[in-house]
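Summary of structural features
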Amino acid sequence: MHHLDAAFCGAAAALGAGWTLAAPEAPGEPLFRVVGRAWLEDAGGAARSCPMLTALKPVEGGTARSFLADKQSFAAAWVTLSDKGARGARADEAGPLIGRMLGEALPVALCRGYLLPDEPALLRALLSDLALHQGYDLVCTTGGTGLSPRDRTPEATEKVLDYLVPGMAQAMMQTSLAATARAMLSRAVAGVAGRCLIVNLPGSPKAVRENLSALLPALPHALAKLAGDAADCGEG
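The model shown is predicted, which means the values in this text are computed figures rather than measured ones.

**Brief notes about the nonpolar core**
Nonpolar side chains tend to gather and get buried jointly when the protein is soluble and globular. Of all hydrophobic cores here, the largest spans 27 residues; its most connected members are Leu102, Leu138, Leu197, Val199 and Leu219. Each residue touching Leu138, except ones within four places of it in the same chain, is listed here: Ala75, Ala76, Ala77, Leu102, Leu106, Cys196, Leu197, Val199, Leu219 and Leu223. Listed in part, the 22 residues of the second largest apolar core include Ala77, Val79, Leu123 and Val160.

**A few points about the pairing of strand 7 (residues 138-142)**
Burial analysis of strand 7 places five of its five residues in the buried class, which makes it a mostly covered element. Across the two faces of strand 7 the burial is the same, with Leu138, Cys140 and Thr142 and Val139 and Thr141 all buried. Of the strand pairs in this sheet, strand 5 (residues 74-81) and strand 7 are connected by five bridges, and their pairing is parallel. Along strand 7, the bridge assignment pairs Trp78 with Cys140.

**Things to note about the sheet that holds strand 6 (residues 108-116)**
Taken in spatial order, the six strands make up an open sheet running 6-5-7-10-9-8, and their pairing is mixed. Strands at the two margins of the open sheet, each flanked by one partner only, are strand 6 and strand 8 (163-164). Here four bridges tie strand 9 (residues 190-193) to strand 10 (residues 196-201), and the two strands are oriented antiparallel to one another. The residue bridging Ala190 from the neighbouring strand is Val199, located in strand 10.

About the criteria used
Residues numbered from 1 in each chain as written. Predicted model: local features only at pLDDT ≥ 70, side-chain atom pairs only at ≥ 80, totals over all residues. Heavy atoms only, no water. Core = buried A, V, L, I, M, F, W, Y, C linked by side-chain atoms within 4.5 Å. Buried < 20%, exposed > 50% of the residue type's maximum accessible area, 1.4 Å probe, protein only. Contact = heavy atoms within 4.5 Å. Helix = DSSP H or I, 4+ residues; strand = E, 2+ residues; numbered from the N terminus. Pairing = 2+ DSSP bridges.

Now the structure itself:
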């Protein structure tokens, strides 16, 4: 465990998941990776939002140090919405598939998965935390996008979003309709919360593969723009 004092937490206020910390004398050899953020109590009894770090190589503690912060890759998360999955009555195949596909297609430094029941309040809280506090770049949900009474993923997602990215939902719909007419029943949305792209995917592994494959060509550029890339959006 590496101690984080209040001064470090204040200086690292902008560091979210996926950032790395390196010694100034070796900037190309990161020592730590930020895997999220947590509320830690300082000496005055007030909780501060501090980065949670994992060591990438052995590091000697006990002395105050300065670090260089950098981010060369993305932090992604998948969230599976399934009452049966949350009860342990069904194995989750769709969520891990999202993780594998993102890892193969993008420079992903961190990818974590979450399994929730179909409860909109829980999903809203998790999406808000991942996007606005933890600092993830991309969150993909799977499940809860259809017409069943407990399918409320799109509504929960929209309450977190700052704005929609309708072209992504349209691309997924177009791809799915080529496979089945039932795709028109999907209500999936995609949009941005803070600087995080959030995408709803269907619940079946087959549909996840089809829909996510439709988005992968545009995802690197989309995430780069959200991170502040000032380059033009024309084809490179």
